[in-house]
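Coordinate analysis (summary)
Read off the chains here:
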Amino acid sequence: MDPKRGLIFPKLTYSPVITAKIKRLTDKFKSYWGQLSQSGALEMGYNSAAANEKLDELSMPIDKWLSGHNLSELIPLFYPPITAQGYGDVRNIAVLYAMKLIVAEDIELLTLIGDNTAFQVKEGFDTFVHRIAETVRDKYLGWRAVRIERLRQTGTQQVTFRVGNFQIVRTCGKTILAFPPLLGQVATLLSDINWKEKHIFSQVKVHKYMTSGNDIPNLQRNVYLGLVPISRNESRDIIPELIPYAGDGEVVAFTKQMKGTRPYYTGYSWIYGDYTDPANGADIFLMLTKLTGTLRKIHPFSRTLFTSVTDYFPHVTGQSIRDGFYRDFESIQGDGGLYFATTLLTFETVNGAIEMGEKFVDKYF
Ligand SMILES: Cc1cc2nc3c(=O)[nH]c(=O)nc-3n(C[C@H](O)[C@H](O)[C@H](O)COP(=O)(O)OP(=O)(O)OC[C@H]3O[C@@H](n4cnc5c(N)ncnc54)[C@H](O)[C@@H]3O)c2cc1C
C-alpha cells in the first residue's frame, strides 16, 4: 500500500538467495541482541551496571547502530516493526528500544513485509484485556485519579478519584501510576511535585498517534504497510530499498481484524517527532484528512468508522539516555510511596508491559 498514492502493491517475497542472506544478517543481529540481553543491559529500567556502561552505544539511533555493526542492509527490514507500528523513525529512535523489541523468534517476522503470517489478534486486543481483567480481584472500573497527595509524616498517600459525578478519596500505603508519566498529566495529579520530578517527567515523550477502524471493500491480505520499494526487482534477489515513511500524518499500516464475520481494517497514522503530549485537534484533523484521501483512492466506498488517540510509545531521546535519564528516573521511584510502572521502563508492547509489571513487583514490593 502506498499511503501517498493510495495504491495496493504486490506482496514482497524473496528468492531463496535473499532469504538465506537475510537469515545470515539476522543471526548476526541476534547474537548482538543475545550479548546485550545476557549482560543485563536490556533489563527493566535500563539502569543496571551493564546498561550504564553502554549508554553511548544504546542511545544511538537504530540506523547508525546497524551501520556501525555492518548490518546496514537490515535497515529497511526494521521499517515494518518500528516505523509502520508507530514507534517512529529508524533515524531517530534509540537502538535500546529496538533491541528490546526484537526477540529471537520475532526477528524472523522482519522478513515478512506485507505477508499474512505476522502475529495478529484477529478478534481485537480487548480480548486479552478482558481475559486478564477477569482474573483481577478488587478492581474498580471507571475511577479516574485526579489528585495525589503524599502525606510524608504518615508515609501514606491520599488519592482522590472522580467516579461519574462523585469524588472518592482513598488513603493508600503505596501508590503505583501505571500510565506514561508525561509532565502535563503528572503535574496536575501530584500536589507537591518538585523540580527534580518536573525535570525528569519533562523528558518523557510519546508519539502523536491515531488509530482508526475502517471498512474497505474487497481487500484480501491481513497486513498492508505503507512502505514502498524504491524499485521493483522482479528477480527478488536484492533486499528492496524502501522509501522511508515521512511521518507526516499519513496512514502507514492497515491490519485486518474481524468483527463477527466482517473484516475491518485498523489504520495506524502518526506524525514524526518526540512529543510531550498526544495528538490534539489539529493533528487529528490532519491525520483524518490524509486517511480519508488514501481510503478513497483504494476504494471509493471505503469509510472510517471510528478514530482513537492514545499516549503511544513512552520513550526518551538518545540525548536523555546519555544524560542518565534512567538513573534519575529510578532515583524517584518510591519517593513518598509513589511508584511509576510504565512501559517507559521497557518497550511499548503488551508482552513488554506484562514482563515489566512482573519485574516491577519483584523489585519494589
Ligand atoms: C493502536 C495500538 C496498537 C497496538 N498494537 C500492539 C500490538 O500489536 N502488539 C503489542 O504487543 N502491543 C500493541 N500496542 C501497545 C500496547 O497496547 C501497550 O504496550 C500496552 O497496552 C501498555 O500497557 P500499560 O498497562 O502500560 O498501559 P495502558 O494499556 O495504556 O493502560 C494505562 C491505563 O491507565 C489509565 N489511566 C490513565 N490516566 C489515569 C488516571 N488519571 N486515573 C485512572 N486511570 C488512568 C488509562 O485509561 C489506561 O486504561 C498497541 C497500542 C495501540 C494504542
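Predicted, not measured: the structure shown is a model, and the values here were computed from it. (Residues numbered from 1 in each chain as written. Predicted model: local features only at pLDDT ≥ 70, side-chain atom pairs only at ≥ 80, totals over all residues.)

1. Overview of the overall build of the protein chain
Looking only at helices and strands, one finds 13 helices and eleven strands in the protein chain. Taking 2.2 N^0.38 as the reference for a compact globule, 365 residues should give roughly 21 Å; the C-alpha atoms of the protein chain span a radius of gyration of 22 Å, in line with that estimate. If one aligns the C-alpha atoms of the protein chain with their principal axes, the spans along those axes are about 70 × 50 × 35 Å. The burial tally for the protein chain puts 33% of its 365 residues in the buried class. A separation of at least 24 residues holds for 70% of the contacts in the protein chain among residues at least 6 apart in sequence. (Helix = DSSP H or I, 4+ residues; strand = E, 2+ residues; numbered from the N terminus. Rg over C-alpha atoms; globule rule 2.2 N^0.38 Å. Buried ≥ 20, exposed ≤ 12 C-beta atoms within 10 Å, placed from the backbone. Contact = placed C-beta atoms within 7 Å.)

2. Overview of the site of the ligand
Taken together, 13 residues surround the ligand, and among them Ala145, Phe179, Thr349, Val350 and Ala353 come closest. For the shell around the ligand, the elements supplying multiple residues, two or more each, are strand E1 (144-151) and helix H13 (350-364). Among the elements that take part in the shell around the ligand, H13 stands out by supplying three residues, more than any other. Tallied by class, residues from the shell around the ligand come to six nonpolar, five polar and two charged. (Near = placed C-beta within 6 Å. Nonpolar A, V, L, I, M, F, W, Y, C, P; charged D, E, K, R; others polar.)

3. Quick word on the nonpolar core
By size, the foremost hydrophobic cluster in this structure holds 76 residues, and its most contacted members are Ile62 and Ala98. The greatest single-element share of this core, amounting to six residues, is contributed by helix H6 (residues 95-101). Discounting chain neighbours no more than four positions away, the residues touching Ile62 are Phe78, Ile82, Val90, Ile93, Val95 and Ala98. (Core = buried A, V, L, I, M, F, W, Y, C linked by C-beta atoms within 7 Å.)

4. What to know about the pairing of strand E3 (residues 166-172)
With respect to burial, E3 is a largely exposed element, only zero of its seven residues being buried. Pairing between strand E2 (residues 156-163) and E3: seven bridges, direction antiparallel. Bridge pairing in E3 places Val159 opposite Arg170. Counted between consecutive antiparallel strands, the loop separating E2 from E3 contains two residues, among which Gly164 sits at a positive phi close to 60 degrees. (Pairing = 2+ DSSP bridges.)

5. Concerning helix H10 (residues 281-298)
Helix length check: H10 (18 residues) gives 26 Å between terminal C-alpha atoms against 26 Å at 1.5 Å per residue, within 8%. Along H10, the positions that sit buried rather than exposed are Asp283, Met287, Leu291, Thr294, Leu295 and Ile298. All buried residues of H10 fall inside an arc of 100 degrees around its axis, so they share one side. Opposite the buried face of H10, at more than 90 degrees from it, the exposed residues are Gly281, Ala282, Phe285 and Thr289. Check the buried side of H10 and you find it contacts strand E5 (205-215), strand E7 (248-259), strand E8 (262-275) and strand E9 (303-309). (Expected span 1.5 Å × (residues − 1). Arc of directions from axis to C-beta.)

6. With respect to the pairing of E8
Taken together, the eight bridges between E5 and E8 define a ladder with antiparallel strand orientation. Paired with Lys208 across the two strands is Ile271, which belongs to E8. Summarising the sheet, E7 and E8 pair through nine bridges and their orientation is antiparallel. Within E8, the residue paired with Phe254 across the bridge is Gly267.

7. A closer look at the sheet that holds E2
Strands sit in the order E1-E2-E3 across an open sheet of three strands; the sheet is antiparallel. The open sheet terminates on both sides in strands that have one partner only, identified here as E1 and E3. Across the sheet, the mean angle from the axis of one strand to that of its neighbour is 20 degrees, orientation sign disregarded. (Axes fitted to C-alpha atoms, helices over the stretch in contact; angles between N-to-C directions.)

8. So, the confidence of the model for the protein chain
Mean pLDDT for the protein chain: 87, with 92% of residues reaching 70 or above. Mean pLDDT values over the elements of the protein chain span from 79, in helix H7 (residues 126-134), up to 98, in helix H12 (residues 325-332). In this model residues 110-118 is a low-confidence stretch, pLDDT under 50, and it forms 26 contacts with partners more than four residues away in sequence or in other chains. (pLDDT = per-residue confidence, 0-100.)

9. A look at the environment of Arg327
One can find Arg327 in helix H12. On the basis of neighbour counts, which here come to 14 C-beta atoms within 10 Å, the residue Arg327 falls in the partly exposed class. When the C-alpha atoms of Arg327 and Gly45 are compared, they prove to be 8.4 Å apart, with 282 residues separating the residues in sequence. Ignoring any residue separated from it by four or fewer positions in sequence, one finds Arg327 in contact with Asn47 and Asn52.

10. A short note on the environment of Ser191
On the secondary structure map, Ser191 appears in the loop between helix H8 (183-189) and helix H9 (195-201). A count of 11 C-beta atoms within 10 Å places Ser191 in the exposed class. Here the alpha-carbon distance between Ser191 and Phe128, two residues 63 residues apart in the chain, equals 34 Å. Ignoring sequence-local partners within four residues, the contact set of Ser191 consists of Arg147, Ile148 and Glu149.

11. Section: unusual backbone geometry
A positive phi is found at Asn218, a non-glycine position, where the angle reads about 70 degrees. Tracing the sequence through the fold places Asn218 in the loop between E5 and strand E6 (223-225). Non-glycine residue Phe313 carries a positive phi angle of around 55 degrees.

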